[in-house]
Amino acid sequence: MSAPAHVPADPPSGHRAVANLIARYAELVDDGDFAGLGALLADATFTGSGTPVRGREAIEKMFRDTLIVYPDGTPRTQHVTTNLAIEVDEQAGTAASRSYVTVFQALPDLPLQPIAGGRYHDRFERRDGRWRFAERRVRINLVGDVSRHLRQAAAQ
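About the thresholds
Residues numbered from 1 in each chain as written. Predicted model: local features only at pLDDT ≥ 70, side-chain atom pairs only at ≥ 80, totals over all residues. Heavy atoms only, no water. Helix = DSSP H or I, 4+ residues; strand = E, 2+ residues; numbered from the N terminus. Buried < 20%, exposed > 50% of the residue type's maximum accessible area, 1.4 Å probe, protein only. Contact = heavy atoms within 4.5 Å. Core = buried A, V, L, I, M, F, W, Y, C linked by side-chain atoms within 4.5 Å.

### What to know about the overall build of the protein
Okay, step 1: Broken down by element type, the protein carries four helices and six strands.
Okay, step 2: Going residue by residue from the N terminus, the α and β elements of the protein occur as α-α-β-β-α-β-β-β-β-α.
Okay, step 3: Evaluated residue by residue, the protein yields a buried proportion of 36% over its 156 residues.
Okay, step 4: For the protein, contacts bridging at least 24 residues in sequence account for 54% of all contacts bridging at least 6.

Written as structure tokens, this is what we have:
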């Protein structure tokens, strides 16, 4: 029996790298790590319901000013990203994705429930061998009780 031929390890594919970035975004939001979100989106333009925001500090501030954080340091949410469609141009070092997002929230006096649903439209680029967000556009089209998630909704 001959030894198996050495097969070089493939670098992570653009598809996998992009999917990991999308997952990391959800983790950071749900952990209340707004500095981490600023770093993740530092080279991106983020467009939600307000004016587009760009740059690490501006994005971190936007999340801090928008989301309610509880004593455990989190917004008590779970962002679930599904229906992920990723298109990668490895040669150009660019990618685009579309996905659905459903946001769940639970608090001691609020049973687990979906509070928002919508779509992400993202663009990515590979720079210095690393994939990163270039743009994240969020369109929320289903809204439940966000009064304990969004500062502006709580003030109304």
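### Some thoughts on the nonpolar core
Okay, step 1: By size, the foremost hydrophobic cluster in this structure holds 29 residues, and its most contacted members are Y25, L41, F63, F124 and F133.
Okay, step 2: For this core, the secondary-structure elements that each account for two or more residues are α1 (14–31), α2 (34–40), α3 (56–66), β4 (94–107), β5 (110–127) and β6 (130–143).
Okay, step 3: The greatest single-element share of this core, amounting to seven residues, is contributed by α1.
Okay, step 4: Sequence-distant contacts of L41, that is, excluding residues within four places in its chain, are made with Y25, F46, I59, F63 and F133.

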